[in-house]
Amino acid sequence: DAKMIKGLEIFNETAACAACHILKAAGSEGNIGPNLDTVEGLNYDSVMDIVTHGLGVMPAFGEDEILSKDEIDIVSFYVANSVGK
Amino acid sequence: MNKNKTKLNLNRRNFLTGTATLAGIAATASVVPITIANANHSEGKKGLPDFISWKDRDALIVHSDKGIETHRSAIGESLVTPNRNIYIRNNMPTMTDAQIGDRKKWKVSIEGVKNPQTFTLAQLQKLGHETMATILQCSGNGRGFFEHKPRGSQWKTGAAACVLWTGVPMKTVVDACGGISGGAVYMTSEGVDHVPTGLDPKKAMIARSVPKKVFKDAMLAWEMNGVPLPNAHGGPLRMVTPGYFGINNVKHLGKVAFTVEQSSVKYMKKSYRISPIGKKGSQYPSCWEMPVKSWITRPTDETGTVKAGKVQIVGVAMGGTKKVRSVKVSVDGGSSWKKAKFIGPNLGKFAWRQFVLETTLSAGSYNIASLASNGADKQPELRMENRRGYAHNGWKDHSVNITVV
């Protein structure tokens with residue numbers, strides 16, 4: 001649906017998640033952070049938490065206001081519903 | 001939707017190959033342009049990433065392709081953990097053979113000394129030769145026990161290993177450089193693994209400062225458990241900081257500097273700080289010295305049913321930066337304790353000791369715990385709550401429930 005399309009756009013372009021992460025559904029091949037298709041227990045809440053606060057080299061997209069709250073909601077929804085697909 | 005997806009995928013192709021697009025994205029996302037590193041991440045046939053396809057899948061728990069834990073019962077009951085069973089925690093992609101090139105020509109620069117110098121691996125190997133055992137343990141080992149679910153891999157006990165390192169003592173290297181410059185407070189090690197990625201060095205670079213005194217125990221290691229240091233573990237050269245958490249044992253070592261200030265990179269300033277839940281900042285202690293800790297490796301819920309009668313309760317105990325002095329075992333959830341026996345060779349204060357308690361158990365349910373002491377400190381019952389789930393050494397969470405039939 002529209003939220004998934006917008007999520008893919010944020011993943012690949014706005015936030016450039018794709019630069020650092022593999023996610024087969026998005027066709028991304030980045031190899032800085034973990035392959036999202038392999039991360040255990042990944043869900044909407046855990047993605048939103050990490051996207052908001054960052055982890056290691058990963059930017060804190062929320063705290064540092066790189067993405068809006070809406071964008072974080074959308075990309076977290078997108079990733080949670082795309083892993084392993 | 002198809003139309004949209006096609007468009008995005010076309011853009012992605014540009015994004016993966018074209019720097020103009022990358023720069024554009026970077027501007028939007030406030031990150032610097034990225035060069036995609038070599039793909040060493042696809043799933044191996046055994047369900048392990050290619051770069052560690054040589055590891056024993058059955059010994060490992062895969063949290064992600066960059067966070068891989070050793071099963072509680074697979075850390076090595078013969079004291080040293082076999083390389084194929086050792087955990088993986090990578091902040092950056094492992095360097096490939098192509099990126100490393102000729103291992104003998106690998107360079108490390110030594111700064112903050114009277115005569116700063118750059119050594120190749122071949123030169124270091126002429127300078128000195130020593131072997132020592134240390135415990136490699138991720139700062140977040142035990143994070144999986146925290147109830148507030150800190151971000152990061154949910155390690156239980158298996159982000160730890162006892163390793164035999166061979167290399168040159170850092171003290172020998174310092175002596176060869178005429179000694180440490182006056183005023184230095186820290187020994188700062190830098191990895192070079194970030195360079196090919198093109199990320200913002202302040203954010204991506206692995207640099208760790210530890211108190212200067214650590215140099216007396218430290219080693220520049222090129223061999224791990226009898227084989228050339230595998231790339232996945234930081235080959236061809238790694239800093240080893242005995243008694244200090246894993247992150248300080250910088251992989252793919254490119255520089256060691258004696259510095260007045262701690263490194264200003266994110267991994268030093270912001271990450272790996274032990275702060276209260278809900279708080280963060282560089283004013284909190286860094287993940288440096290490991291605390292005294294122990295855990296049982298057999299029997300556990302992983303090792304199958306226990307038959308009533310004589311039982312050997314086996315585990316490992318470490319003293320942190322001091323020698324481990326004693327370990328007690330409880331089979332009743334900590335109500336009563338019996339002293340366990342240390343077995344096997346003593347590989348020095350930075351290695352762990354194996355322990356065993358022989359006891360007789362009748363049918364029933366038991367909570368088995370171990371409690372180590374290094375003379376100065378002993379394991380607390382409860383974890384020290386902290387935001388990121390670091391440095392857990394509470395004995396209660398590390399206990400195991402078994403059923404004897």
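Numbers given for residues are sequential positions, taken from 1 along each chain in its written order. Chains and ligands are labelled sequentially in the order written, the chains with letters from A and the ligands with numbers from 1. Thresholds applied to this predicted model are a pLDDT of at least 70 for local features of residues and 80 or more for the giving and counting of side-chain atom pairs; totals over whole chains, interfaces and linings are not thresholded and use all residues. With hydrogens and water set aside, each side-chain value is computed from the structure's full complement of heavy atoms.

Residues and elements named next belong to chain A. In this description a helix means any DSSP run of H or I spanning at least four residues, a strand means any run of E spanning at least two, and both kinds are numbered starting from the N terminus. Here a helix's expected span is defined as the number of its residues, less one, multiplied by 1.5 Å. The first and last C-alpha atoms of helix H3 (residues 69-80) sit 16 Å apart over 12 residues, in line with the 16 Å expected at 1.5 Å per residue. Every buried residue of H3 is listed here: Ile72, Ile74, Val75, Ser76, Tyr78 and Val79. Only heavy atoms matter for contacts: two residues are in contact if any of them lie within 4.5 Å across the pair. Those residues of H3 that are buried are in contact with helix H1 (2-14), strand E1 (22-23) and helix H2 (44-53). Using a 1.4 Å probe on the protein chains alone, a residue whose accessible area is under 20% of its type maximum counts as buried, one over 50% counts as exposed, and one in between counts as partly exposed.

Residues and elements named next belong to chain B. Omega for the peptide link from Gly235 to Pro236 comes to 5°, which places this bond in the cis form. Examined against the element boundaries, Pro236 turns out to sit in the loop between strand E11 (227-228) and strand E12 (238-240). Look at the link from Arg298 to Pro299: it is a cis peptide, with omega at -5°. One non-glycine residue, Lys149, lies in the positive phi region at around 50°. Mapping Lys149 onto the fold places it in the loop between strand E6 (130-137) and strand E7 (160-169). The exposure class assigned to Lys149 is exposed, which follows from its relative accessible area of 60%. One non-glycine residue, Ala391, adopts positive backbone phi at about 55°. Checked against the element boundaries, Ala391 lands in the loop between strand E20 (364-373) and strand E21 (400-404). Since its relative accessible area comes to 10%, Ala391 is described here as buried.

Looking now at the sheet that holds strand E16 (residues 326-330) of chain B. Two strands in a sheet stick together by hydrogen bonds in their backbones, pointing the same way (parallel) or opposite ways (antiparallel). All names here are of chain B. Ordered in space as E17-E16-E20-E21, the 4 strands form an open sheet in which the pairing is antiparallel. Among the strands making up the open sheet, the edge pair consists of strand E17 (338-339) and E21. Here a strand pair is declared whenever DSSP counts at least two bridges between the two strands. Note that E16 and E20 share 5 bridges and pair antiparallel. From the neighbouring strand, Ser330 faces E20, where its bridge partner is Ala369.

Residues and elements named next belong to chain A. It is at 8 Å that the axes of H2 and H3 come closest, and there the two elements cross at 135°. Taken together, the axis directions place H2 and H3 in an arrangement best described as oblique. H2 and H3 meet at a crossing whose hand is right-handed. Seen from H2, the contacting residues are Tyr44, Val47, Met48, Val51 and Thr52; seen from H3, they are Ile72, Asp73, Val75, Ser76, Phe77, Val79 and Ala80. Throughout this entry, Asp, Glu, Lys and Arg are counted as charged residues, while Ala, Val, Leu, Ile, Met, Phe, Trp, Tyr, Cys and Pro are counted as nonpolar. The remaining residues, Gly among them, count as polar. Taken together, the residues that form the contact of H2 with H3 break down as 9 nonpolar, 2 polar and 1 charged. To get an axis, fit a line to the C-alpha atoms, keeping to the stretch in contact for a helix; angles then go from 0 to 180 degrees between the N-to-C directions. Oblique is the label for every angle not falling under 35 degrees (roughly parallel), over 145 degrees (roughly antiparallel), or within 65 to 115 degrees (roughly perpendicular). By definition, turning the near helix anticlockwise from the far helix through less than a right angle yields a left-handed crossing, and turning it clockwise yields a right-handed one.

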